[in-house]
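Spelled out from the first residue to the last, the chains are:
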Amino acid sequence: MGENRDTLVLGIDLGGTKILTAVTNTQGKMLSRDHSITPAKEGQEAVIKSILESVGRALAQAHISTPDLAAVGIGAPGLSNPETGVLFTSPNLPGWKDVPLRDIIEKELGKKAFLINDANAAAIGELYFGAGRGALNFIYITVSTGIGGGIIIDGKIYTGSTGTAGELGHMVIDDEGPQCNCGNKGCWETLASGTALAREARHRIKEGAATSILKHADGDLEKINAEAIHEAAQAGDRLANELIARIAYYLGVGLANLINIFNPEVIVIGGGLSNIGDTLLKPAFKEAKQRAFKQAYQAVRFARAELGRNSGVLGAAAFALEKINEGGTQ
Ligand SMILES: [Zn+2]
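Residues numbered from 1 in each chain as written. Predicted model: local features only at pLDDT ≥ 70, side-chain atom pairs only at ≥ 80, totals over all residues. Heavy atoms only, no water.

Let's talk about the overall build of the protein chain
Rules: Secondary structure is summarised from DSSP: a helix means a run of H or I of at least four residues, a strand means a run of E of at least two, and numbering begins at the N terminus for each. The quantity called the radius of gyration is restricted to C-alpha atoms. Its globule counterpart is 2.2 Å times the number of residues to the power 0.38. Whether two residues are in contact is decided by their heavy atoms, any of which lying within 4.5 Å being enough. A 1.4 Å probe and the Shrake-Rupley method give the accessible areas. Residues count as covered only by the protein chains that appear here. Positive: Lys, Arg. Negative: Asp, Glu. His and the chain ends are not part of the count. Charge placement uses NZ in Lys and CZ in Arg. For Asp and Glu, CG and CD serve respectively.
Along the protein chain, the regular secondary structure elements total 10 helices and 13 strands. Over its C-alpha atoms the protein chain spans a radius of gyration of 20 Å, differing by no more than 12% from the 20 Å that the globule rule assigns to 330 residues. When the backbone C-alpha atoms are referred to their principal axes, the protein chain occupies close to 60 × 45 × 40 Å. In the protein chain, the share of contacts with a sequence separation of at least 24, taken over all contacts with a separation of at least 6, comes to 63%. Accessible surface for the protein chain amounts to roughly 14,900 Å². Of this, 47% is attributable to carbon and sulfur atoms. Taking the average place of the 32 positive charges on the side chains of the protein chain and the average place of its 36 negative ones, the gap between the two points comes to 3 Å.

See below:
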């Protein structure tokens, strides 16, 4: 492995649509990175085969083999237990139920492996290598089609008693709000995500609202997404701006809850919808300020996520590093 005598870790970010695999050192410097499509519809075996193929390419790209790795970290969507390494269920991986994913990967690669929820992995990535560096108490949220999150308390990810803590997007904001995928109503992500933004736009257009949003979506109601609405808003469209303000309002309500409950030093915000930037975030922070305890609001700093699409894969690797430094066994 040439001049590099660093401790090396393999990170795997398993998503519903893509698999990212990377070899990284302890500073979060990636020696290789492999990106491939998740064959989610073909089922569990096909997905695991794809993960292992991706791992093979990432190792080859870094000119190393499995014995050169200190450990393997896996970030996966859905509910999982980091202690047992079992993935219970995942809305993005149809048919997966109680899969011992950690043990499967560990056996295939012959390396100690660790499993963590993907949003928690992203939080750990930002903690070690991104916008949360140096913080002891911090909340990470990713706002895209849904809202995911991770809670860092005293420098460690908080995963709860059975590993499923940090489902920030399913905090109920409106008890009679829209139906959520989780079965509940009015969860934060049904009101403040990209999906919520597009749903409201379609609803208002069907009611006959005057807007240029459709023009930014090829005239197709089904193609309306956060990007199209943001474009229309930038072009001065009144409805588009009103809809973004509504999402910002709900984003702020949820942020106020998090600030009051956790009193964090930093809230790091990532995900596609946050790319709207100040138009969305400034009014959200203002709403949070009006609702949160003054003392707690004054203590918090908001930061944009720094690692982009690499937060999950780097965080999975960092989680594995943290675990082997702790002694490696559960
Ligand atoms: Zn929900």
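Quick notes on the sheet that holds strand S6 (residues 86-89)
Heads up, the rule is: Any two strands with at least two DSSP bridges between them are considered paired. The axes are straight lines fitted to the C-alpha atoms, using for helices just the contacting stretch, and the angles between their N-to-C directions are given from 0 to 180°.
Taken in spatial order, the 3 strands of this open sheet run S5-S6-S7, and their pairing is antiparallel. Each of the sheet's edge strands pairs with one partner strand only, and the pair in question is strand S5 (79-81) and strand S7 (97-99). Across this sheet, the average inter-strand angle for adjacent strands is 20°, counted without regard to direction. Note: S5 against S6, 3 bridges, orientation antiparallel. Residue pairing in the sheet places Asn81 in a bridge with Val86 of S6.

A look at the coordination of the zinc ion
How we decide: Each metal site lists N, O and S donors within 2.8 Å (3.2 Å for Na, K and Ca). With water left out of the atoms, a site can look as if it is missing ligands. A four-donor site is called tetrahedral if each angle lies between 85 and 135 degrees; a four-donor site is square planar, and a six-donor site octahedral, when trans pairs exceed 155 degrees and the remaining angles lie between 65 and 115; all other cases are labelled irregular. Relative accessibility thresholds used throughout: buried, under 20% of the residue-type maximum; exposed, over 50%; partly exposed, between the two (1.4 Å probe, protein chains only).
At 2.0 to 2.3 Å from the zinc ion lie its protein donor atoms, namely His170 (ND1), Cys180 (SG), Cys182 (SG) and Cys187 (SG). Here the zinc ion is ringed by 4 donor atoms whose angles at the metal span 105 to 120°, and the overall shape comes out tetrahedral. Of note, the zinc ion draws all its donor residues from one chain, in the sequence arrangement H-x9-C-x1-C-x4-C. Taken together, the residues span a long stretch of sequence, with His170 in the loop between strand S11 (156-157) and helix H4 (188-191) and Cys180 in the loop between S11 and H4 at a distance of 10 residues. On the basis of relative accessibility, which here comes to 6%, the residue Cys180 falls in the buried class.

Let's talk about the nonpolar core
Cut-off, in case you're wondering: Remark: nonpolar core denotes a set of buried residues (Ala, Val, Leu, Ile, Met, Phe, Trp, Tyr, Cys) joined through side-chain atoms within 4.5 Å.
Grouped together as the largest cluster of nonpolar side chains are 51 residues, with contacts concentrated most on Trp188 and Ile213. Looking at this core, the element that brings in the most residues is helix H7 (residues 238-262), giving 13 residues. When residues no more than four places from it in sequence are discounted, the contact partners of Ile213 are Ala201, Ile205, Ile224, Ala228, Ile229, Ala232, Asp237, Leu239, Ala240 and Leu243. Ala123, Ala303, Leu314 and Ala320 belong to the second-largest nonpolar core, a separate cluster that totals 29 residues.

That is the geometry; function is a separate question.
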